[in-house]
Amino acid sequence: MPKNKGKGGKNRRRGKNDNEETKRELEYKESGQEYAQVVRMLGNGRCECFCFDGVTRLGHIRGKMRKKVWVTAGDIVLCGLREFQDEKVDIIHKYTADEARNLKQYGELPETARINETAVDIAMEGEGSDDDIGIDFDDI
């Protein structure tokens, strides 16, 4: 049998959580870049992005981000526009919900941008209501 040379296998790498809520500097768009919202995922590292200049484009997740940063529908991303293909963009950076709210506050994103609200906010609304859904249980 071969001798183990590494420090563990796939499960060890999967267990690591390197991005422990680190504060990172907010990245603003430069020339040749645009903010966008992911409309839907298409598979194979591609997605449909609605850029905030009013155009829907095919987004391609860059290789450095693949399998490390999970991009889902509703996320706000920073895209690099292609000079040779106007209908395609490269996804450069994914913003967290807090970063996207900050961008909206600073006027970088339009007021019509819908930032993906977390499930916690939705659950808090339902806690205080006394709505019955029509199921009665008998005490035994």
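Summarised in this report is the structure supplied together with it. (Residues numbered from 1 in each chain as written. Predicted model: local features only at pLDDT ≥ 70, side-chain atom pairs only at ≥ 80, totals over all residues. Heavy atoms only, no water.)

## A short note on the pairing of strand β4 (residues 76-81)
Right, on to step 1. Where burial is concerned, most of β4 is hidden: 5 out of the 6 residues are buried.
Right, on to step 2. In terms of strand pairing, strand β1 (residues 33-43) meets β4 through 5 bridges, oriented antiparallel. Its bridge partner lying in β4, Glu34 is registered against Cys79.
Right, on to step 3. Taken together, the 5 bridges between β4 and strand β5 (residues 88-94) define a ladder with antiparallel strand orientation. Each residue of the ladder has a partner; that of Leu81, found in β5, is Val89. (Buried < 20%, exposed > 50% of the residue type's maximum accessible area, 1.4 Å probe, protein only. Helix = DSSP H or I, 4+ residues; strand = E, 2+ residues; numbered from the N terminus. Pairing = 2+ DSSP bridges.)

## What about the packing of aromatic side chains?
Right, on to step 1. On inspection of all chains with the given rule, the structure shows 2 aromatic pairs.
Right, on to step 2. Measuring from ring centre to ring centre gives 6.2 Å for Phe50 and Phe52, while their planes differ by 90°; the resulting arrangement is edge-to-face.
Right, on to step 3. Relative accessible area serves as the criterion here: at 34%, Phe50 is assigned to the partly exposed category. (Phe/Tyr/Trp six-rings, centres within 6.5 Å; stacked < 30°, edge-to-face > 60°.)

## Side note on unusual backbone geometry
Right, on to step 1. Unusually for a residue other than glycine, Asn44 sits at a positive phi of about 60°.
Right, on to step 2. Note that Asn44 resides in the loop between β1 and β2 (46-51).
Right, on to step 3. In this structure, Lys67 is a non-glycine residue whose phi angle is positive, near 65°.
Right, on to step 4. By the element assignment, Lys67 lies in the loop between β3 (56-61) and β4.

## Section: the sheet that holds β5
Right, on to step 1. Pairing within the closed barrel is mixed, and its 5 strands lie in the order β1-β2-β3-β5-β4. Between one strand axis and the next, the sheet turns by 50° as a mean value, whatever way the strands run. (Axes fitted to C-alpha atoms, helices over the stretch in contact; angles between N-to-C directions.)

## Considerations on the pairing of β1
Right, on to step 1. Of the pairings in the sheet, the one linking β1 to β2 comprises 6 bridges and is antiparallel in character. Within β2, the residue paired with Arg40 across the bridge is Glu48.

## Some words on the nonpolar core
Right, on to step 1. Among the nonpolar cores identified, the biggest contains 12 residues, and these are Ala36, Val38, Cys47, Cys49, Cys51, Ile61, Met65, Val71, Val77, Cys79, Val89 and Ile91.
Right, on to step 2. Of all the elements in the fold, those that place two or more residues in this core are β1, β2, β4 and β5.
Right, on to step 3. Considering each element in turn, this core owes the most residues, 3 residues, to β2.
Right, on to step 4. Filtering out sequence-adjacent residues up to four positions away, Cys49 remains in contact with Ala36, Gln37, Val38, Val39, Val55, Thr56, Arg57, Gly59 and Ile91.
Right, on to step 5. Within the second largest apolar cluster, 11 residues are counted, among which are Leu78, Ala100, Leu103 and Leu109. (Core = buried A, V, L, I, M, F, W, Y, C linked by side-chain atoms within 4.5 Å. Contact = heavy atoms within 4.5 Å.)

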